[in-house]
Amino acid sequence: MPAKRKRAIRANEAKPVKARRTSGGGIARSEVSESALVTARKLTIPVDGEPPAWANYRSELGDTLPWFRAVQGGIYHKDGLCWGVLLDADSGDRCYIDEEVIITRIGGGCTKDKDGKLTRVKNQDTNDTMVKSLLNSMEQKLPVGIIIGQGNTVLETKVPHPFNVMAYFRVSHVWFERCDGKIGAKVRFEKLDLTSKSWWAVKGSSPPPPREERDFKNRPEVERLEAPAILTYDQRFLDYRLHPDDTVQPHHSLIPDLLSTLNEDDSDVSTIRVAWKGVVCPQCRKCISRKLWRGWKCSDDTTPTPGHPHHTCTFQKMLRMHPVPLRSVIDSLEISPQKRALIPDKTVMTPHVDDVSLAPYRMLVYTLPGVGHITHLVSNRTINSRPDGPDIMFQQLQQVELGLRRFPLDQSVVDGTLTAHFAVNYGMPYKYVVSVKSKGFNEAPKVILRALGRLKWATEKALDRARDIARAPNEMLVLGYFEGMKIGYHDDGESSLGPTIATLSLGAQSTMLIRMKSVYFNGRSKNNIFLAEDPVLPGCAFEIERQNLKTRMHNRDITHEIYDKELKEVLKGHKCSVAKPCIKLQLNHGDLVVMHGENLQKYYEHSVIPENKLRFALTARHIKADHVDPKDIRKGNFTLSGDQVYNGH
Ligand SMILES: O=C(O)CCC(=O)C(=O)O
Ligand SMILES: [Fe+2]
């Protein structure tokens, strides 16, 4: 008999109360909550083996395991089926784990109480998405992959890594219990393979019982029960096993082998969507996200895991990157379109069109009164195909070693989440959505300086038109996008940056969207904090009412207090919503965009979504010297040689 099943009885022994079968048949009560008992113990008992895959961060699991792509919550469900489950902290009362059986609550409808304990606030029934997905997986005989995190204290042994893949399990029972006045669902899983010993068993414990010693017959029934506050499970409920069934087959392999499926001779293999998923290290079984432009490196943890020794595995896999031709990222027949028509769209701003001033570029100008302007210089085939022009730059950027990599986001729902694009910074250090180390322009490949020449020109031209003085860029952020990558809504910083930001797009077409930030759109933050100074931007929620109040206060018709009171009244009952994009740019190969205005980055945010498998965005800014560590200032110095200076042709 497996050691853990003996332990289940030992838990009762701590305060012995005879287990008895309930009217429902399967579950019995005792005076002792097993989970509480195990929590009190320090988990030091070693496990018998090694997990087939593991991760330091939850995001690495999602990157690597096709059956657990959930960024939040303990259950990954898709297409109405449950594919994977993570057992971490908060498995709920009456959670039970042994070598072959897992009983846990089905998440959702809970909130954390003041002690951080998850409590149910909503009743669950069979209409609950997660409950339904588990019932479907049970019915369709689909095994579920299970991962155990170090946050889980129900299993008695100490699992070796922050997240550990256990095995495939079958869903054997789903039922409902009433706890703290609310009805919640519970699920019982059984390990699919009953023949081999589980790696998480106690080290040195006996092997699993042979088939003939198993109870496959007396299937316990469970029905909806009023769960007593303190319970443990009837031994028969824990001992019973579903009859082995060869038709129960997983849909995915538990441990994917992505590398063996990538044919490095395929020209675009390194930039397709699947190529920036994670791989399981063949040496140490760690889930490795693709952080590097060229491939995967097991011990490349820029963010050490607290309490974990530095990872020293030497595995790395760098792909042979074949240069991706423009032809395969731009669909239109002539590769770069000659001049694109402006597609009328009433939902977004119509620009001012100027085909003369910077010909052969078409200049589209979007003006946000009192805020700033966005100048889009539309390139064309003639410009793109010139010597050292965008067509060549696109090739060169793929041939030089830029040092592009994905960084963990500074702020993300799930720790360790990486940006969905690669980045490298040249010149003065700049902190965008993440902190990126910077290389001096003296280390930059020539193509970067040529791009800088173009961006300097575009900045000057866009500002000439506005009769403004351009400050020369001293920083460049290069972003690289593979298929399916993007940059979500963000601003480019307020205080440390000059007011002008210029971007050169190369490769795949993309859509840039600009929208008002939520706090300015709604007039208050999600936490209900009102703006100290409301700019009342055109198109914001309750624009007329907010403007009226503002005018009355400025004219001293009303006091600050009355303004606050009346504004509260106006916004009462209005739920914060996100602003719709007000400007939409279709960025094509060779196009330049200049955003200008102190308040543009303060009030608005932008996102860019490319449409094909390779795109570069080279963005130059002016970083104010007093925001930079003096020793880094030299990094922003550069001199352009004659061929790197751009004159608009
Ligand atoms: O990809 C782009 O065109 C924009 C990049 C961007 O927004 C940034 O670098 O901050
Ligand atoms: Fe940006």
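Please read all numbers here as calculations on a predicted model, not as lab measurements.

S.K.: Looking at this structure, I do not really get the site of ligand 1. What am I missing?
M.R.: In the vicinity of ligand 1, the contacting residues are Leu477, Leu479, Tyr481, His490, Asp492, Thr503, His606, Val608, Arg615, Ala617, Thr619 and Arg621. Here Tyr481 contributes a side-chain N or O atom positioned 2.5 Å from an oxygen atom of ligand 1. Protein chains shield 98% of the accessible area of ligand 1, which is 290 Å² for the free molecule. Sorting the residues of the shell around ligand 1 by element identifies β22 (475-482), β28 (604-610) and β29 (614-623) as the ones contributing at least two each. Ranked by residue count, the leading element in the shell around ligand 1 is β29, at four residues. Taken together, the residues of the shell around ligand 1 sort by class into five nonpolar, four polar and three charged.

S.K.: Mind showing me how you'd approach the UniProt feature "binding site: 2-oxoglutarate" (unreviewed entry) in the chain here?
M.R.: UniProt marks Tyr481, His490 and His606 with the feature "binding site: 2-oxoglutarate" (unreviewed entry), using the numbering shown here. Following the sequence through the fold, Tyr481 ends up in strand β22. Those residues in contact with Tyr481 that lie beyond four places of it in its chain are Ala420, His421, Lys486, Ile487, Val608, Pro610, Lys613, Leu614, Arg615 and Ala617. Tracing the backbone shows His606 in strand β28. Looking at His606, the relative accessible area reads 5%, which means it is buried. Contacts of His606, omitting those with residues within four sequence positions, involve Gly488, Tyr489, His490, Asp491, Asp492, Met512, Leu513, Ile514, Met595 and Gln601.

S.K.: Looking at this structure, I do not really get the environment of Cys582. What am I missing?
M.R.: Inspection of the secondary structure puts Cys582 in the loop between α11 (560-571) and β26 (583-587). For Cys582 and Thr350, which are 232 residues apart along the polypeptide, the C-alpha to C-alpha distance reads 9.7 Å. When residues no more than four places from it in sequence are discounted, the contact partners of Cys582 are Val348, Met349, Ile514, Arg515 and Tyr604.

S.K.: Honestly, the pairing of strand β27 (residues 592-596) in this entry has me stumped. Any pointers?
M.R.: Each regular strand carries side chains that alternate between the two faces of the sheet. Across the five residues that make up β27, a large majority, five, are buried. The alternating pattern of β27 places Leu592, Val594 and His596 on one face and Val593 and Met595 on the opposite face, and all of these are buried. When strand β24 (residues 497-507) meets β27, the two strands line up antiparallel, connected through five bridges. Bridged to Thr503 within β27 is Val593.

S.K.: Please clarify how the nonpolar core should be interpreted in this entry.
M.R.: The nonpolar side chains of a soluble globular protein tend to be buried with one another. Grouped together as the largest cluster of nonpolar side chains are 88 residues, with contacts concentrated most on Tyr604, Phe616 and Leu618. The element that contributes the greatest number of residues to this core is helix α8 (residues 446-465), accounting for 10 residues. Residues within four places of Phe616 in sequence aside, it is in contact with Trp293, Phe394, Leu397, Gln398, Leu402, Leu404, Leu479, Gly480, Leu504, Ser505 and Leu506. With 30 residues, the next largest nonpolar core counts Val47, Leu134, Ile148 and Phe169 among its residues.

S.K.: Before we go on, may I ask you to explain the pattern of salt bridges in this structure?
M.R.: Here the idea is simple: oppositely charged side chains can pair when their charged atoms come close. Overall, the coordinates contain 26 salt bridges when judged by the stated rule. Residue Asp265 pairs with Arg320 through a salt bridge whose shortest N-O separation is 3.0 Å. Of this pair, Asp265 sits in the loop between α5 (235-239) and β13 (279-280) while Arg320 sits in the loop between β16 (316-318) and β17 (352-354), placing them 55 residues apart in sequence. Between Asp632 and Lys635 there is a salt bridge whose closest N-O contact spans 3.4 Å. By relative accessible area, which is 14% here, Asp632 ends up buried.

S.K.: Explain the environment of Ile383 here, please?
M.R.: In this fold, Ile383 is placed in helix α6 (residues 381-385). With a relative accessible area of 0%, Ile383 lands in the buried category. The spatial distance from the C-alpha of Ile383 to the C-alpha of His649 is 6.1 Å, given a sequence separation of 266 residues. Residues in contact with Ile383, not counting those within four places in the same chain, are Pro360, Tyr361, Gly389, Pro390, Arg454, Tyr646 and His649.

S.K.: Quick question: what am I supposed to make of the side chain of Thr619 here?
M.R.: Relative to the helices and strands, Thr619 is located in strand β29. By relative accessible area, Thr619 is classed as buried at 8%. In this structure the side chain of Thr619 is engaged in a polar contact, spanning 2.9 Å, whose partner is the side chain of Thr503.

S.K.: Would you mind showing me how to read α8 here?
M.R.: Note that an α-helix has 3.6 residues per turn; residues three or four places apart therefore point the same way. Between the first and last C-alpha of α8 there are 29 Å, a value that for 20 residues agrees with the 28 Å anticipated at 1.5 Å per step. Just downstream of α8 lies Arg467, where phi reads positive at about 55°.

What counts and what doesn't
- Residues numbered from 1 in each chain as written.
- Chains lettered and ligands numbered in written order.
- Predicted model: local features only at pLDDT ≥ 70, side-chain atom pairs only at ≥ 80, totals over all residues.
- Heavy atoms only, no water.
- Near = heavy atom within 4 Å.
- Polar contact = N/O pair within 3.5 Å; in protein donor to acceptor, adjacent residues only side chain to side chain.
- Areas by Shrake-Rupley, 256 points an atom, 1.4 Å probe, with all protein chains shown as cover.
- Helix = DSSP H or I, 4+ residues; strand = E, 2+ residues; numbered from the N terminus.
- Nonpolar A, V, L, I, M, F, W, Y, C, P; charged D, E, K, R; others polar.
- UniProt positions renumbered as here; feature names shortened; annotations may be inferred.
- Contact = heavy atoms within 4.5 Å.
- Buried < 20%, exposed > 50% of the residue type's maximum accessible area, 1.4 Å probe, protein only.
- Pairing = 2+ DSSP bridges.
- Core = buried A, V, L, I, M, F, W, Y, C linked by side-chain atoms within 4.5 Å.
- Salt bridge = Lys/Arg side-chain N within 4 Å of Asp/Glu carboxyl O.
- Expected span 1.5 Å × (residues − 1).

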